[in-house]
Amino acid sequence: MATLKDVVARRPIAATIRLTVPAGGARPAPPVGPALGQYRLNLMAFCKDFNARTQKYKPDTPMAVTITAYKDNTFEFIVKSPTVAWFLKKAAGVESGSGRPGHVVASSITIRHVYEIAKIKQADPSCKHLSVEAICKSIMGTARSMGIQIVKDL
């Protein structure tokens, strides 16, 4: 049961906003501006904080961000690493996956690539409780559905 302190500390949530923003590229222009502007959030504060948090990534890396907007016009946000599909396409050196996965192979990657992607994804809040092996199996499934073959050595 929640204590009185927990109940008082909770702030009413106005919205949860999910965006994909390039690393270090948050600007008050679309798509960030209209999404945050309709909840009267401070655009420049978000842009500065987001760009500071994502400066360790290469520019134009698509970062998933979940913004929790409160009714008192304040916000919190969580930055997640890029999607597994993006990592797989970069590792394989292709623009898109196969049009017919299972029939046509778009490219191939090694198990080492899969392991490195899993180590990066393990830092995500949604994957913290998973083992590296479980994350690797999930990445292999994603690669298979994209038509990317996984080999032992290239």
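Structure report, in brief. (Residues numbered from 1 in each chain as written. Predicted model: local features only at pLDDT ≥ 70, side-chain atom pairs only at ≥ 80, totals over all residues. Heavy atoms only, no water.)

## Digging into the packing of aromatic side chains
Item 1. Counted under the stated rule, the structure contains 5 aromatic pairs.
Item 2. Taken together, a centroid distance of 5.5 Å and an interplanar angle of 70° make the contact between Trp-86 and Phe-87 edge-to-face.
Item 3. Overall, Trp-86 belongs to the partly exposed group, its relative accessible area being 22%.
Item 4. For Phe-87, a relative accessible area of 12% puts it in the buried group.
Item 5. An aromatic cluster is defined as three or more aromatic residues linked by ring pairs; in this entry it consists of Phe-46, Phe-50, Phe-75 and Phe-77. (Phe/Tyr/Trp six-rings, centres within 6.5 Å; stacked < 30°, edge-to-face > 60°. Buried < 20%, exposed > 50% of the residue type's maximum accessible area, 1.4 Å probe, protein only.)

## Overview of the sheet that holds strand β2 (residues 62-70)
Item 1. If you walk across this open sheet you meet the 3 strands as β1-β2-β3, and the pairing is antiparallel. Taken across any chain shown, the strands that pair with only one partner, and hence form the sheet edges, are β1 (13-22) and β3 (75-80). Adjacent strand axes in the sheet meet at a mean angle of 20°, parallel and antiparallel pairs treated alike.
Item 2. Taken together, the 6 bridges between β2 and β3 define a ladder with antiparallel strand orientation. Each residue of the ladder has a partner; that of Thr-68, found in β3, is Glu-76.
Item 3. Contacts from helix α3 (residues 43-53) reach β1, β2 and β3, with the element oriented near 30° to β3. (Pairing = 2+ DSSP bridges. Helix = DSSP H or I, 4+ residues; strand = E, 2+ residues; numbered from the N terminus. Axes fitted to C-alpha atoms, helices over the stretch in contact; angles between N-to-C directions. Contact = heavy atoms within 4.5 Å.)

## Some points on the nonpolar core
Item 1. One finds Ile-17, Leu-19, Phe-46, Phe-50, Val-65 and Ile-67 to be the most contacted residues of the largest nonpolar core, which totals 19 residues.
Item 2. Listing elements by their share of this core, those giving two or more residues are β1, α2 (32-37), α3, β2 and β3.
Item 3. Sequence-distant contacts of Val-65, defined by excluding residues within four places in its chain, comprise Ile-17, Arg-18, Leu-19, Val-21, Phe-46, Phe-50, Phe-77, Ile-78 and Val-79.
Item 4. Val-132, Cys-136, Ile-139 and Met-146 belong to the second largest nonpolar core, which has 17 residues in total. (Core = buried A, V, L, I, M, F, W, Y, C linked by side-chain atoms within 4.5 Å.)

## Here we look at the pattern of salt bridges
Any two side chains of opposite charge can pair if their charged atoms end up close together.
Item 1. The full count for this structure, using the stated rule, is 3 salt bridges.
Item 2. In this structure, the salt-bridge partner of Lys-121 is Asp-124, at a minimum N-O distance of 3.0 Å. You'll find Lys-121 and Asp-124 in the same group, each marked buried.
Item 3. Where Lys-137 meets Glu-133, a salt bridge forms, and the shortest distance between an N and an O atom there is 3.8 Å. (Salt bridge = Lys/Arg side-chain N within 4 Å of Asp/Glu carboxyl O.)

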